[in-house]
Amino acid sequence: MPEAMLNVYNSLSASAQQEVNDFMMFLAQREPQVVSEENRKDTIEDRLKALYEFAGSMKDLWKGVDPVEYQRQMREDREIAW
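All figures in this text were calculated on a predicted structure; none of them were measured in a lab.

Procedures and definitions
- Residues numbered from 1 in each chain as written.
- Predicted model: local features only at pLDDT ≥ 70, side-chain atom pairs only at ≥ 80, totals over all residues.
- Heavy atoms only, no water.
- Patch = residues over 30% accessible without salt bridge, like charges linked within 9 Å, V, L, I, M, F, W, Y side chains within 5 Å.
- Areas by Shrake-Rupley, 256 points an atom, 1.4 Å probe, with all protein chains shown as cover.
- Salt bridge = Lys/Arg side-chain N within 4 Å of Asp/Glu carboxyl O.
- Helix = DSSP H or I, 4+ residues; strand = E, 2+ residues; numbered from the N terminus.
- Buried < 20%, exposed > 50% of the residue type's maximum accessible area, 1.4 Å probe, protein only.
- Phe/Tyr/Trp six-rings, centres within 6.5 Å; stacked < 30°, edge-to-face > 60°.
- Lys, Arg positive; Asp, Glu negative; His and termini not counted.
- Charge placed at Lys NZ, Arg CZ, Asp CG, Glu CD.
- Expected span 1.5 Å × (residues − 1).

Caption draft 1: Just a nonpolar patch on the surface, in detail. Taken together, the side chains of Met58, Leu61, Trp62, Val65, Tyr70 and Met74 make up a nonpolar region of the molecular surface, amounting to roughly 610 Å² of accessible area. Within the fold, Met58 resides in the loop between helix H3 (37–54) and helix H4 (67–77). You can call Met58 exposed: its relative accessible area is 58%.

Okay, here's the thing in structure tokens:
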């Protein structure tokens, strides 16, 4: 920090210094992150690999079950108490 800014910062109260710190962190997070093309491709491949593990994992869940019949049976099984 330049000397003049450091003097102003040191003259602030503790809560004001905390606000300055928070604002600086906010600005630092807004800066675009520099990501190399190779790292970006690796990240995309890792995410796709994770998604493919789940793809189609429940495709045979309702095999051989009539959904309308299942729904009717569930409604018959429940007890409604008044």
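Caption draft 2: Seen up close, the packing of aromatic side chains. Summed over the entire model, instances satisfying the criterion amount to two aromatic pairs. When the centroid spacing of 5.0 Å and the interplanar angle of 80 degrees are considered together, the rings of Trp62 and Tyr70 count as edge-to-face. Among the residues examined, Tyr70 registers a relative accessible area of 36% and is labelled partly exposed.

Caption draft 3: A look at a negative patch on the surface. Among the surface-exposed residues, Glu38, Asp42, Glu45 and Asp46 lie close enough to one another that they form a single negatively charged patch. Following the sequence through the fold, Asp42 ends up in helix H3.

Caption draft 4: Structural detail: H3. The end-to-end C-alpha distance of H3, which contains 18 residues, comes to 27 Å, matching closely the 26 Å that a straight helix rising 1.5 Å per residue would cover. Positive backbone phi, at 75 degrees, marks Gly56, one or two positions downstream of H3.

Caption draft 5: Representation of the environment of Glu37 within the structure. The topology assignment puts Glu37 in helix H3. Classification of Glu37 by relative accessible area gives partly exposed; the value is 47%. Sequence separation of Glu37 and Pro67 is 30 residues, and the distance between their C-alpha atoms is 47 Å.

Caption draft 6: Highlighting the pattern of salt bridges. In this structure the tally under the stated criterion is three salt bridges. One salt bridge in this structure joins Glu37 and Arg40, with 3.9 Å as the shortest N-O distance. Taken together, the positions of Glu37 and Arg40, both in helix H3 and three residues apart, correspond to about one turn of that helix. Among the salt bridges present, the one from Glu69 reaches Arg72, with a minimum N-O distance of 2.2 Å. Of this pair, Glu69 and Arg72 both sit in helix H4, three residues apart, roughly one helical turn. We classify Glu69 as partly exposed; its relative accessible area is 36%.

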